[in-house]
Amino acid sequence: MPDKIDPPHATGAAEDTVKKHSQPHDLVFHAGWFCPFVQRVWIALEEKGLKYEYREVNPYQKEPHFLAINPKGLVPALEHHDKALYESLVLLEYLDDAFPSPRSLRPTDPHELGLVRLAVQHISNVVVPAFYRYVQAQEPEKQRDGHDAFVAALRDVQAQWFVGEGAPWARGDHFGWVEAVLGPWVARFALLEQHRGFSASDVGDEFAMWAQRVLERPSVKATSSLPENYESVYRRYFEDTAESEVAKATRKGEWLK
Ligand SMILES: N[C@@H](CCC(=O)N[C@@H](CS)C(=O)NCC(=O)O)C(=O)O
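Residues numbered from 1 in each chain as written. Predicted model: local features only at pLDDT ≥ 70, side-chain atom pairs only at ≥ 80, totals over all residues. Heavy atoms only, no water.

Now for the pattern of salt bridges. Counted by the stated rule, this structure contains 14 salt bridges. A salt bridge links glutamate 47 to arginine 103; the shortest N-O distance between them is 3.4 Å. Remark: arginine 103 occurs in the loop between helix H4 (88-98) and helix H5 (110-136) and glutamate 47 occurs in helix H2 (residues 36-47); sequence separation between them is 56 residues. Arginine 106 is the partner of glutamate 93 in a salt bridge, and the nearest nitrogen-oxygen pair spans 2.8 Å. Here the residue glutamate 93 occupies a position in helix H4, and arginine 106 occupies one in the loop between H4 and H5, the gap between them amounting to 13 residues. The class of arginine 106 is buried, set by a relative accessible area of 15%. A single network of salt bridges, built from pairs that share partners, joins Glu93, Asp97, Arg106 and Arg117. (Salt bridge = Lys/Arg side-chain N within 4 Å of Asp/Glu carboxyl O. Helix = DSSP H or I, 4+ residues; strand = E, 2+ residues; numbered from the N terminus. Buried < 20%, exposed > 50% of the residue type's maximum accessible area, 1.4 Å probe, protein only.)

Next up on the list: the packing of aromatic side chains. As enumerated under the stated definition, the model contains 23 aromatic pairs in all. With a centroid separation of 6.3 Å and an interplanar angle of 40°, the aromatic rings of phenylalanine 189 and phenylalanine 207 are classed as tilted. Pair noted here: phenylalanine 189 is in helix H8 (residues 189-196) and phenylalanine 207 is in helix H9 (residues 205-216), with a separation of 18 residues, a long-range link. Of the two residues examined, phenylalanine 189 and phenylalanine 207, each falls in the buried class. By the ring-pair criterion, three or more aromatic residues cluster together here, those being Phe131, Tyr132, Tyr134, Phe150, Phe162, Phe189, Phe198, Phe207, Trp210, Tyr234, Tyr237 and Trp255. (Phe/Tyr/Trp six-rings, centres within 6.5 Å; stacked < 30°, edge-to-face > 60°.)

This part is about H8. Here H8 has its buried residues at Phe189, Leu191, Leu192 and Arg196. Looking straight down H8, one finds that the buried residues subtend no more than 155° of arc, so they occupy a single side. Exposed residues lying more than 90 degrees from the buried face of H8 are Ala190 and Gln194. Looking at the packing, one finds that the buried side of H8 touches H5, helix H6 (140-161), helix H7 (177-186), H9 and helix H11 (227-238). Downstream of H8 by a residue or two, glycine 197 has a phi angle that is positive, lying close to 75°. (Arc of directions from axis to C-beta. Contact = heavy atoms within 4.5 Å.)

Coordinates in, geometry out; function isn't part of it.
Listed below in C-alpha cells is the structure:
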C-alpha cells in the first residue's frame, strides 16, 4: 500500500514557487514538495535563478513513466533536453556543471571543493541517517540516544567544516553546498523540537545562529510549505509507521543505498 501524501501539492511560499515554474521547459524538475532530498535540489535551482518546470510526483505510486526516469522510483529527478538523472547529490553536481553561471554553489578551488565534498559525505552518511533514527525512535531511552547521536553528528559538521570566525555560512561568505545539502533538515528542526524536544542550540550557539540564517534564506523559504503540512506527513515517521524506503531501511538498522 503506497503512502498517501496529504496534501498532494506544495502549500505556502512553496506553492507560489511551483506556480512560477508551471510552464513547460526543457529542464524538468520531478519533485515531491514534502521531500528534503528534493529540497536540496530545489534550493540550488532557486539560488541559481534557473528557469525550470516543476512537476509534482507521488514517488510512492511507482508509476511506470516515473520509473523510466528514475528506476529507483525516488524523487528528486531531473530531465534536461529529455535526458534523465536522479539522486540529489548527483543533481547538485549536474546543475553546477550544466549551469555554472550566474553562480556555482560549489567552490572552484580544488582543496576547498575536497573539503566541501567531505562535509557532504558526512552529512549524507552520518547526519541524515541519525536524523531518521532519532525521529523513528519510540522508547524514551532510544530517543535520548537518538538526540545525543544527532547532536554529535551536527557538532562534527561544525567542528570540522565550518570556518567560523563570524562567517555567516559554513565555508565563509557564500551560501553553498553545505547549506543546500543540510538546509532541508534544518527546515525540519521545528518538527524535532515539537516531537522530541530538540533545539539547534543543543548543538551550540554558533550553530543555532547559522541554522536561523538558513531558515531565513529566500531560497529555503521559497521551497518550504506550511509547517502544519510537514506535520501531517512526518507524523508517520514520529510514530514509526512510515513505509518509505528511508523509513523501512532505518527500521532495519540499515541505510538507503
Ligand atoms: N538518495 C536519494 C533519496 C531520495 C528519497 O528517498 N526520496 C523519497 C522522498 S523524500 C522518495 O522518493 N521516497 C519514495 C519511496 O520511499 O518509495 C536522493 O538523495 O535523492
